[in-house]
Amino acid sequence: MTQILALDIAGNPFRWLDVEQAISYAAAGRVAWEIGEQELVFHGGVRRSGERSRIALRPVIALARSEAMVRYLHSFPLGHDNAKLFRRDREICAYCGERVDHRLLTRDHIRPRARGGKDVWANVVTACRYCNMKKACRTPEEARMPLLYIPYEPCRFEHFILSGRRILADQMEYLTARLPSHSRVT
């Protein structure tokens, strides 16, 4: 299913919209500007004149006059689904460096939760099951298993890449052009 990347008026990613939501914003005159080479054309009902209604949108739209933007998030929760974490870490174990099938990966807490560690981006890494069990309820230093990369909280642009499904080329180009240099996402 196609998703439209909705931005705020300043060009910051706001949310992914399904086609129906994007069409509603366009029909209500709430699209301030749009970008992308690909034009997505949607057809609706038939007007009294017999002409079929048509709305064309680009894959990236900026929303204007939207009361929903008041809930603008500055950070994004890790959540219970590990998919974003595994994508951030490129499905590579932080301890042995092996790229492993996502079904054999786990979320490892650098400072274990049983010892006061929090379930936040900066305290979790991707680990294969073997390394996670070997590390057990210890810190990497105590287990003598140094981290091969440093965990970090994804920025807004990374979050949208991590959470998008079937990202179109124009959308990916927009988001990746704004990634920080330390990003492992793409």
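Summary of the structure given here. Here the structure is a predicted model, which is why all the values come from computation and not from measurement.

Re helix H6 (residues 169-176)
Within H6, the full set of buried residues consists of Asp170, Gln171, Tyr174 and Leu175. An end-on view of H6 places all buried positions within 130° of arc, on one side of the element. Facing away from the buried side of H6 by over 90 degrees, the exposed positions are Ala169 and Glu173. Among the structural elements, strand S1 (3-7), strand S2 (13-18), strand S3 (31-35), strand S6 (60-63) and helix H5 (156-163) are those in contact with the buried residues of H6.

Quick notes on the pattern of salt bridges
One pass over the structure, following the stated rule, counts eight salt bridges. The salt bridge involving Asp89 is made with Arg184; its shortest N-O contact spans 2.8 Å. Of this pair, Asp89 sits in the loop between helix H2 (83-88) and strand S7 (105-109) while Arg184 sits in the segment after H6, and the two are 95 residues apart along the sequence. Just as Asp89 is buried, Arg184 falls in that class too. One continuous salt-bridge network, built from bridges that share partners, spans Glu39, Arg54 and Arg58.

Some points on the packing of H5 against H6
Where H5 meets H6, the closest approach of the two axes is 9 Å, and the angle between their N-to-C directions is 150°. With respect to their mutual orientation, H5 and H6 come out roughly antiparallel. Relative to H6, the crossing made by H5 is left-handed. On H6, the residues that touch Phe157, Phe160 and Ile161 of H5 are Met172, Tyr174, Leu175 and Thr176. Looking at the contact of H5 with H6 residue by residue, the class counts come to six nonpolar, one polar and no charged.

Rules behind the numbers
- Residues numbered from 1 in each chain as written.
- Predicted model: local features only at pLDDT ≥ 70, side-chain atom pairs only at ≥ 80, totals over all residues.
- Heavy atoms only, no water.
- Buried < 20%, exposed > 50% of the residue type's maximum accessible area, 1.4 Å probe, protein only.
- Helix = DSSP H or I, 4+ residues; strand = E, 2+ residues; numbered from the N terminus.
- Arc of directions from axis to C-beta.
- Contact = heavy atoms within 4.5 Å.
- Salt bridge = Lys/Arg side-chain N within 4 Å of Asp/Glu carboxyl O.
- Axes fitted to C-alpha atoms, helices over the stretch in contact; angles between N-to-C directions.
- Parallel < 35°, antiparallel > 145°, perpendicular 65-115°, else oblique.
- Left-handed = near helix turned anticlockwise from the far one by under 90°.
- Nonpolar A, V, L, I, M, F, W, Y, C, P; charged D, E, K, R; others polar.

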